[in-house]
Amino acid sequence: MRTSPLLLYFFLIFVVRVKSDPDPLQDYCIAETRNPQTIFLNGAPCINPINAAPSHFTTSALSKPGNTAANPLGFNVTLTNIRNLPGMNTLGLTMARVDIAGNGLVPPHTHPRASEVTILIKGSLLVGFVDTSNRLFTQQLREGDSFVFPKGLIHFLYNLDSKASALTISGLSSQNPGAQLASSATFTTKPSIPDDILKKAFQINGQDVSRIRKNLGG
């Protein structure tokens, strides 16, 4: 049976419009976070809408600098979530504050469930992502510039200034975007990926595998 071109058109439109997070079925669903969750949903249960207040839709979580000395790479990520911004529940978005020390690096990582757009508030950054044909897209950002990282692709942010810190604010297209560091996901798994696999994949020897694991805390 021949497929109708009109039917195919509407099917393609539907596929293009599919998002990782389901659309909300009401104006808002303020997350209930006071009681232990016994039923696990794709999101969080809602409070009674009658009890909604402006405070549920605002947060100061991104107002304070993060501690970039907490890890050797010199960066800190502060996220909004349903505890500090309960009104974001079911809306399919997350905001992030990223503080990066001088010469600090947000290492190559992916967000499996979200695209990301970031705006540089302060400093100077080199950012980039790699597509599935291993093509690298990089850009030096100055204050006020924005950059988009497509969903699921490996990307990074590097502070070009050796002394001054940098600050970005990002928006991600999922309530739970996830984050997976490429290096940690490879060398610090529990249990460990067999050495022979890592040696062959990265063309390194057993000593290299052990050294990288130790350096990454694996």
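Residues numbered from 1 in each chain as written. Predicted model: local features only at pLDDT ≥ 70, side-chain atom pairs only at ≥ 80, totals over all residues. Heavy atoms only, no water.

The chain carries the name Germin-like protein in an unreviewed UniProt entry, which gives Lactuca virosa as its organism. Of the comments in the UniProt record for the chain, the one headed Sequence similarities (unreviewed entry) reads "Belongs to the germin family." For the chain, the Subcellular location (unreviewed entry) comment in UniProt is given as "Secreted, Extracellular space, Apoplast". (UniProt positions renumbered as here; feature names shortened; annotations may be inferred.)

A. Looking closely at the overall build of the chain. Regarding its fold elements, the chain presents 4 helices and 10 strands. Mapped from its N terminus to its C terminus, the chain presents α and β elements in the order α-β-β-β-β-β-β-β-β-β-β-α-α-α. For the chain, with 218 residues in total, the buried portion stands at 29%. Long-range pairs, those at least 24 residues apart, make up 67% of the contacts in the chain with a sequence separation of at least 6. Summed over its atoms, the accessible surface of the chain is roughly 14000 Å², and 58% of this surface lies on carbon and sulfur atoms. (Helix = DSSP H or I, 4+ residues; strand = E, 2+ residues; numbered from the N terminus. Buried < 20%, exposed > 50% of the residue type's maximum accessible area, 1.4 Å probe, protein only. Contact = heavy atoms within 4.5 Å. Areas by Shrake-Rupley, 256 points an atom, 1.4 Å probe, with all protein chains shown as cover.)

B. Seen up close, the UniProt feature "binding site: oxalate" (unreviewed entry) in the chain. As annotated by UniProt and renumbered to match this structure, "binding site: oxalate" (unreviewed entry) occupies His111 and Glu116. Taken from the residues named earlier, the lining of the largest pocket is made up of His111 and Glu116. With respect to the helices and strands, the residue His111 is situated in the loop between strand E3 (105-110) and strand E4 (116-122). The exposure class of His111 is buried, given its relative accessible area of 10%. For His111, the contacting residues outside a window of four places in its chain are Glu116, Lys151, Gly152, His155, Leu172, Pro177, Gly178 and Ala179. Within the secondary structure layout, Glu116 lies in strand E4. Owing to a relative accessible area of 7%, Glu116 belongs among the buried residues under this scheme. What Glu116 contacts, discounting residues up to four positions off in sequence, is His111, Phe147, Val148, Phe149, His155, Ser170, Gly171 and Leu172. A polar contact of 3.1 Å, which involves the side chain of Glu116, links it to the side chain of His111. (1 Å grid on protein atoms, 1.4 Å probe; cavity = no way out; pocket = protein on both sides within 12 Å on 5 of 7 lines; lining within 4 Å. Polar contact = N/O pair within 3.5 Å; in protein donor to acceptor, adjacent residues only side chain to side chain.)

C. Local environment of a nonpolar patch on the surface. A surface patch of nonpolar side chains, about 220 Å² in accessible area, is lined by Leu91, Leu93 and Met95. For Leu93, the location among the structural elements is in the loop between strand E1 (75-79) and strand E2 (94-100). (Patch = residues over 30% accessible without salt bridge, like charges linked within 9 Å, V, L, I, M, F, W, Y side chains within 5 Å. Salt bridge = Lys/Arg side-chain N within 4 Å of Asp/Glu carboxyl O.)

D. Up close: the environment of Lys214. With respect to the helices, strands and loops of the structure, Lys214 is situated in helix H4 (residues 206-215). With relative accessibility at 71%, the residue Lys214 sits in the exposed group. With 26 residues separating them in the primary sequence, Lys214 and Thr188 have C-alpha atoms 8.9 Å apart.

E. The arrangement of the packing of aromatic side chains in detail. Counted under the stated rule, the structure contains 4 aromatic pairs. Here the aromatic rings of Phe187 and Phe202 are separated by 5.3 Å at their centres, their planes lie at 40°, and the arrangement is tilted. Of this pair, Phe187 sits in helix H2 (residues 182-187) while Phe202 sits in helix H3 (residues 195-202), and the two are 15 residues apart along the sequence. Accessibility expressed as a relative area gives 6% for Phe187, which makes it buried. A network of ring pairs unites the aromatic residues Phe129, Phe137, Phe147 and Phe149 as a single cluster. (Phe/Tyr/Trp six-rings, centres within 6.5 Å; stacked < 30°, edge-to-face > 60°.)

F. Summary view of the state of the cysteines. Applying the stated rule across the entire model yields 1 disulfide. The side chain of Cys29 participates in a disulfide bridge whose partner is Cys46; the two sulfur atoms lie 1.6 Å from each other. Disulfide Cys29-Cys46: torsion about the S-S bond near -90°, hence left-handed. Here Cys29 is found in the loop between helix H1 (5-17) and E1, whereas its partner Cys46 is found in the loop between H1 and E1, with 17 residues between them in sequence. When its relative accessible area of 36% is taken as the criterion, Cys46 is described as partly exposed. (Disulfide = S-S within 2.5 Å.)

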